[in-house]
Amino acid sequence: MFVAKVKSDIIKGIIEVTSPLVNEAKFNITAKGLSLRAVDPAHVAMVDLELKNSAFEEYKASDMELGIDLDKLSGIMKLASAGDLVTLEYDEEANRLIVKIGNLVRRMGLIDTAGMPDSKVPHLDLPAKAVVKAGELHKGVRASEAVSDHLSLNIDKDSFELFAEGDTDTVNLKLPRDMLLELQSPGKFRSLFSIDYFSNMIKPVRSEDPITINLGNDNPIRVDFDIAEKNGHVTYLLAPRIESE
Amino acid sequence: MGVDLGDLFPKQPCSYQDFSGRIIAIDAYNVIHQFLAIIRQRDGTPLKDASGHITSHLSGLLFRTSNLVEAGIRPVYVFDGPPHALKARTIAERRKRKEQAERDYQEALAAGDLATAKSKASQTSRLTDEILTESKELLLALGIPFVQAPSEGEAQASFMVQQGHAYAAGSQDFDCLLFGASLLIRNLTSSERRKLPGKQAYVTVLPELLRLDQGLTTNGITREQLVDIAILLGTDFNDGIKGYGPKKSLAAIKEHGSLEQMLQAHPEITLPSEEIATIRSMFLQPPVTTDYTIKWTSPDPSKVLQVLCEEHQFSQARVTPALEKFQKAEYVLKQRNLFDF
């Protein structure tokens, strides 16, 4: 059984976090809440999303997996205004997800989850940690997009730095310790990332909210932030670009 | 054609994603032949542009390769050079078969038997110089590298795998295993659904991975013995011995150790020793080149559109999304795989 009532913004948030990576996702539903893990087709990025039952206005569920087409869900959710309440209900007999927005009802066919494998989390060596205000990162990324398709992230003992270099232009955003919410680094660490992917990862976070970054040398990055008024959490992993050239 | 080693090698079903970030050396003649054979209309007519010019190869290279790069695979195509003299006979026979298929095709078409027509038509395709030139021109515009082999493309692809320059060879034929490729991927450029021959039914075709080591160990043989087995079965360079299928050939070589010793025990089989020596060296020391670079470059969208849409009337609405996959893949080609960690 699964019946839940939730603010439309929360569902939109899930779509915003997940849809840059995959078109369909397997939602794991339990009495405690819902979670999903998705990896993009090129195996470059992974998202882990958790939403506690406390994020919902009403929530009743037993254990199940729902294979949801995110394009379909996104399509219907576009019709919901901010603040609208959305009811989600699993119709076991027809194997459909019923989405109700006011008097609008969409009965949505589900995807067989048998073909959707569970990915393991790769082993990571990420000694450096910085907690940065999302707004600062948004600015750095937007400036970088104009000059290159990749950027480097650097953390040392005193600062966090974002750097992008194009053919003629460079962009640099250096945040010293006092402009960071937290900084822990036993040395210098640097990895290179695709701006497209990185941008999609941090986009859903509101400017004033914190983003936690864990970084290593030529290693994937781990990005963590809360969603749904801290009733949910997102962890992103992004594989680095190859250095040189 | 290649040697039918399918029964001797375990096959591991895979998905494109399993090869994300990997360099795969693809046997260009093999896949282009496949495109010409398969990418056809219902009555067996190949895809053609307004002036009647065949375009099945361009369609295949564009769309199938775009699916590979979308999954993060780094393809490099390997083209055949001039064939070895021993292959001439095989080639002459193939030509004869094609001429017969061509006649059957016309007959079936005239009789209105579309299923037979399509099946026969798929056997008539020929790799002309024009098709090869156009294929290379398209790859160049797409930024996908290709290597010109001195002789057999499969030998060169296998050599690149041995050198560690490619992760696996990609071909429908099993010959890459004889040429010493440690990994061979089949069905890489097939569509996911394939029609069963002669039936109105489809099967899902998944890429499959074959490991040379695993096959040799499973059968308890060396690569040299595998080549001997291939010679009994028949290769591109000889006809094979009548009555010797994969199982019987394996048993015979295992029992006697080598082809020479086996022939001593079976005087009724004639196989000239020079022929054996030549075929062995074709597989074990084939002509290959170290003169190649594997580098992906940015696709040239205006050139791609010119070749496909202006010269051959492809619909721009269909080409653009495929082209976008190549443009996106630019990142991917320089991008590491999360599961490498």
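See the structure shown above.
Let me begin by describing the structure that accompanies this report. (Residues numbered from 1 in each chain as written. Chains lettered and ligands numbered in written order. Predicted model: local features only at pLDDT ≥ 70, side-chain atom pairs only at ≥ 80, totals over all residues. Heavy atoms only, no water.)

**Regarding the overall build of chain B**
Then, number 1: Across its full length, chain B holds 14 helices and 9 strands.
Then, number 2: Looking at chain B as a whole, 52% of its 341 residues qualify as buried.
Then, number 3: Put simply, 72% of the contacts in chain B that link residues at least 6 apart link residues at least 24 apart. (Helix = DSSP H or I, 4+ residues; strand = E, 2+ residues; numbered from the N terminus. Buried < 20%, exposed > 50% of the residue type's maximum accessible area, 1.4 Å probe, protein only. Contact = heavy atoms within 4.5 Å.)

**Let's talk about the pairing of strand S9 (residues 208–211) of chain B**
The side chains of a regular strand alternate between the sheet's two faces.
All names here are of chain B.
Then, number 1: Summarising the sheet, strand S1 (residues 12–13) and S9 pair through 2 bridges and their orientation is antiparallel. When the bridges of S9 are listed, proline 13 appears paired with glutamate 208.
Then, number 2: Alignment of strand S6 (residues 183–186) against S9, held across 4 bridges, turns out to be antiparallel. The residue of S9 that forms the bridge with leucine 183 is arginine 211. (Pairing = 2+ DSSP bridges.)

**Considering the side chain of Ser135(B)**
Residues and elements named next belong to chain B.
Then, number 1: Mapping serine 135 onto the fold places it in helix H5 (residues 129–142).
Then, number 2: In terms of polar contacts, serine 135 uses its side chain to reach the backbone carbonyl oxygen of isoleucine 131, at 2.7 Å.
Then, number 3: Not counting chain neighbours up to four residues away, the residues in contact with serine 135 comprise Ile32, His57, Leu58, Leu61 and Phe79. (Polar contact = N/O pair within 3.5 Å; in protein donor to acceptor, adjacent residues only side chain to side chain.)

**Things to note about the sheet that holds strand S4 (residues 146–148) of chain B**
Residue and element names in this part refer to chain B.
Then, number 1: Strand order in the open sheet formed by 7 strands is S1-S9-S6-S5-S2-S3-S4, with mixed pairing between adjacent strands. Each having just a single partner strand, S1 and S4 make up the two edges of the open sheet.
Then, number 2: This element, helix H2 (residues 56–70), spans strand S2 (23–27) and strand S3 (74–79) of the sheet and lies at about 140° to S3.
Then, number 3: In the packing of H5 onto the sheet, contacts are made with S3 and S4, and the angle to S3 comes to roughly 155°. (Axes fitted to C-alpha atoms, helices over the stretch in contact; angles between N-to-C directions.)

**Things to note about the environment of Leu192(A)**
All names here are of chain A.
Then, number 1: Mapping leucine 192 onto the fold places it in strand S15 (residues 189–194).
Then, number 2: In this structure, the C-alpha to C-alpha distance between leucine 192 and glutamate 243, residues 51 residues apart in sequence, is 6.8 Å.
Then, number 3: Among residues more than four places away in sequence, those in contact with leucine 192 are His150, Leu151, Ser152, Pro240, Arg241, Ile242 and Glu243.

**What about the pattern of salt bridges?**
Then, number 1: A complete count under the given rule lists 13 salt bridges over all chains for this structure.
Then, number 2: Between Asp48(A) and Arg37(A) there is a salt bridge, with the nearest N and O atoms lying 2.9 Å from each other. Here Arg37(A) lies in strand S3 (residues 33–39) and Asp48(A) lies in strand S4 (residues 45–52), a separation of 11 residues in the sequence.
Then, number 3: Given the relative accessible area of 34%, Arg37(A) is considered partly exposed.
Then, number 4: Across the salt bridge formed by Arg280(B) and Asp228(B), the nearest N and O atoms sit 2.9 Å from each other. With Arg280(B) in helix H12 (residues 273–284) and Asp228(B) in helix H9 (residues 223–233), this pair connects stretches of sequence that are 52 residues apart.
Then, number 5: Taken together, the shared-partner salt bridges in this structure form one network comprising Asp228(B), Glu260(B) and Arg280(B). (Salt bridge = Lys/Arg side-chain N within 4 Å of Asp/Glu carboxyl O.)

**Re the interface of chain A and chain B**
Frequently, the measure chosen for interface size is the accessible area removed from exposure when the parts meet.
Then, number 1: With 25 residues of chain A at the contact, the number on the chain B side is 16 residues.
Then, number 2: When chain A packs against chain B, close to 1,800 Å² is buried across both sides, 62% of that on carbon and sulfur atoms.
Then, number 3: For the chain A face of the interface with chain B, the top three residues by lost area are His43(A), Arg241(A) and Ile242(A), together amounting to 31%.
Then, number 4: Connecting chain A to chain B are 0 salt bridges.
Then, number 5: Viewed at the interface, chain B and chain A are joined by 0 residue pairs in polar contact (both at pLDDT 80 or more).
Then, number 6: Where the side of chain A that touches chain B is concerned, the elements lending two or more residues are S4 and strand S18 (232–238) of chain A.
Then, number 7: In terms of residue class, the side of chain A that touches chain B is built from 14 nonpolar, 5 polar and 6 charged. (Buried area = accessible area lost by both parts, 1.4 Å probe. Nonpolar A, V, L, I, M, F, W, Y, C, P; charged D, E, K, R; others polar.)

**Structural notes on the nonpolar core**
Residues and elements named next belong to chain B.
Then, number 1: Residues Leu5, Leu62, Tyr77, Leu259 and Leu308 are the most contacted members of the largest nonpolar core, which totals 96 residues.
Then, number 2: The greatest single-element share of this core, amounting to 7 residues, is contributed by H9.
Then, number 3: Counting residues domain by domain, this core receives three or more from each of domain 1 (1–219) and domain 2 (221–286).
Then, number 4: What leucine 259 contacts, discounting residues up to four positions off in sequence, is Asp228, Ile231, Leu232, Ile253, Leu271, Ile276 and Arg280. (Core = buried A, V, L, I, M, F, W, Y, C linked by side-chain atoms within 4.5 Å. Domains from an automatic or database assignment.)

**Let's talk about the sheet that holds strand S12 (residues 159–165) of chain A**
Residues and elements named next belong to chain A.
Then, number 1: Read across the sheet, 4 strands follow the order S13-S12-S11-S15 without closing on themselves; strand pairing throughout is antiparallel. Each end of this open sheet is capped by a strand with a single partner; those strands are strand S13 (170–176) and S15. Adjacent strand axes in the sheet meet at a mean angle of 15°, parallel and antiparallel pairs treated alike.
Then, number 2: Bridging between S12 and S13 involves 7 bridges; their strand directions are antiparallel.

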